[in-house]
Number of protein chains: 2
Amino acid sequence: MNLNKSRNFSKLELGNLENIGKHSFGIPVMPKPLEGKKFLKEDLALTSMEVSINKMEPGTGMPFYHQHTENEELYIFIKGQGEFQIDDETFPVREGTAIRIAPNGVRIWRNNSTEALYYIVIQAKAESIGGSAIVDGKMVKKEVSW
Amino acid sequence: MNLNKSRNFSKLELGNLENIGKHSFGIPVMPKPLEGKKFLKEDLALTSMEVSINKMEPGTGMPFYHQHTENEELYIFIKGQGEFQIDDETFPVREGTAIRIAPNGVRIWRNNSTEALYYIVIQAKAESIGGSAIVDGKMVKKEVSW
């Protein structure tokens, strides 16, 4: 970790994503599928979102359904295949699947394939952002120097 | 896309990430490095964040610095290697690097390697989330059924 509050940024090096399993909750009672979950908010001092980077082993799945209170969630699958269930719908997920879930959605997922499933989960406060996020950006007109 | 406002979710299938270049801004004046950028907010009707999935070709880089107005940004590098500059600091990035940037940070990045660089950029309103995001989740005590 590289956290310095006087700077405009902080960064974290997680290494190759296949090793993400070493970054667990560290809580013995957490079920096996959560061992490959690394949360970023605290390490990076994020103020607008919680994010986790996840590796789910083949043949494992979340052992419970969950909803949220105030936060919208976005799941982005970056490698592998699995299955997702929200309310009364079930569908496959794979590299390139992105899913937004409103706080009320009752969700669960599993890796029913033979290879590890990698995904990123982001949560932020529902209805907190307005307009276009491109508009929020401001080009800084100075010469690029590397 | 699979967007139905009566449901608690929406989803999008982008396919294999190596093909992400086909999802461009579609604006002819946009520089080459932005052709492999797919924004998700509008397609998914996200209300808390803007997110893009990105592939930057070898030897290309952002042609300008930018800052933000209200939004914090998080960059997560998922494959490949490159270089990042924020304010007066320059450092390498690679698979597993995660960077939080405050709105004021002046940022630019490039792929100075020989393979494509893949990364996800998330922006959400700075200071909009409080406490632990795990606390926002509510386990739903019902039997798992697949």
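Residues numbered from 1 in each chain as written. Chains lettered and ligands numbered in written order. Predicted model: local features only at pLDDT ≥ 70, side-chain atom pairs only at ≥ 80, totals over all residues. Heavy atoms only, no water.

**Student:** Sorry, what's going on with the overall build of chain A here?
**Tutor:** Scanning chain A from N- to C-terminus turns up two helices and 12 strands. The helix and strand sequence of chain A, counted from the amino end, reads β-β-β-α-β-β-β-β-β-β-β-β-α-β. Split into buried and exposed, the 146 residues of chain A put 57% on the buried side. Across chain A, contacts joining residues at least 24 apart in sequence account for 62% of those joining residues at least 6 apart. Accessible surface, chain A: about 6,500 Å² in total, of which carbon and sulfur atoms supply 48%. (Helix = DSSP H or I, 4+ residues; strand = E, 2+ residues; numbered from the N terminus. Buried < 20%, exposed > 50% of the residue type's maximum accessible area, 1.4 Å probe, protein only. Contact = heavy atoms within 4.5 Å. Areas by Shrake-Rupley, 256 points an atom, 1.4 Å probe, with all protein chains shown as cover.)

**Student:** Would you take a moment to explain the interface of chain B and chain A for this structure?
**Tutor:** By a widespread convention, an interface's size corresponds to the accessible area lost as its parts come together. Between chain B and chain A, the residue contacts involve 85 residues of the former and 85 residues of the latter. Carbon and sulfur atoms supply 57% of the area buried between chain B and chain A, which totals about 7,600 Å² over both sides. Taken together, the links from chain B to chain A amount to two salt bridges. The salt bridge partner of Arg7(A) is Glu89(B), with a shortest N-O separation of 3.1 Å. Remark: the boundary between chain B and chain A carries 48 residue pairs in polar contact (both at pLDDT 80 or more). For the side of chain B that touches chain A, a count of residues per class yields 42 nonpolar, 22 polar and 21 charged. Alignment of strand β2 (residues 9-13) of chain A against strand β9 (residues 97-101) of chain B, held across five bridges, turns out to be antiparallel. Opposite Glu13(A), over in β9(B), you have Thr97(B) as the bridge partner. (Buried area = accessible area lost by both parts, 1.4 Å probe. Salt bridge = Lys/Arg side-chain N within 4 Å of Asp/Glu carboxyl O. Polar contact = N/O pair within 3.5 Å; in protein donor to acceptor, adjacent residues only side chain to side chain. Nonpolar A, V, L, I, M, F, W, Y, C, P; charged D, E, K, R; others polar. Pairing = 2+ DSSP bridges.)

**Student:** Explain the relation of the copies chain B and chain A to me, please; I cannot follow it from the model alone.
**Tutor:** For the pair of chain copies, the relating operation is a rotation around an axis with a shift along it. Aligned on chain A, chain B shows an RMSD of 0.0 Å; the corresponding rotation is 180° and the shift along the axis is 0.0 Å. Interpreted geometrically, this transformation is the action of a two-fold axis. With an isologous cut-off of 70% or more, the 100% of interface residues of chain B that recur at the interface of chain A puts this contact in the isologous class. (Least-squares fit on C-alpha atoms with pLDDT ≥ 70 in both.)

**Student:** Please clarify how the environment of Glu95(B) should be interpreted in this entry.
**Tutor:** Relative to the helices and strands, Glu95(B) resides in the loop between β8 (89-94) and β9. Note on Glu95(B): relative accessible area 15%, which makes it buried. Spatially, the C-alpha atom of Glu95(B) lies 24 Å from that of Gln67(B), the residues being 28 residues apart in sequence. Leave out the neighbours within four places in its chain, and Glu95(B) touches Gly15(A), Asn16(A), Leu17(A), Glu18(A), Phe77(B), Ile78(B), Lys79(B) and Gly80(B).

**Student:** Can you help me understand the nonpolar core in this one?
**Tutor:** Within the largest apolar cluster, 38 residues are counted, with the highest numbers of intra-cluster contacts made by Leu40(A), Leu74(A), Ile122(A), Leu40(B) and Leu74(B). Those elements that provide at least two residues to this core are β4 (50-56), β6 (71-79) and β11 (117-125) of chain A together with β4 (50-56), β6 (71-79) and β11 (117-125) of chain B. Ile122(A) has contacts with Met49(A), Glu50(A), Val51(A), Glu72(A), Glu73(A), Leu74(A), Ile76(A), Met49(B), Val51(B) and Ile122(B), leaving out every residue within four places of it along the chain. (Core = buried A, V, L, I, M, F, W, Y, C linked by side-chain atoms within 4.5 Å.)

**Student:** Explain the packing of aromatic side chains here, please?
**Tutor:** When we look at a pair of aromatic rings, we describe it by the centre distance and by the angle of the planes. Summed over all chains, the structure comprises 16 aromatic pairs over all chains. On the basis of an interplanar angle of 75° and a centroid distance of 5.0 Å, the ring pair of Tyr75(A) and Phe84(A) is categorised as edge-to-face. A relative accessible area of 0% means that Tyr75(A) is categorised as buried. With 6.0 Å between their ring centres and 10° between their planes, Phe84(B) and Phe91(B) make a pair best called stacked. We classify Phe91(B) as buried; its relative accessible area is 7%. When the ring centre of Phe9(A) is taken as origin, the NZ or CZ atom of Arg7(A), which lies over that ring, is 4.1 Å away. (Phe/Tyr/Trp six-rings, centres within 6.5 Å; stacked < 30°, edge-to-face > 60°. Lys NZ or Arg CZ within 6 Å of the ring centre and 35° of its normal.)

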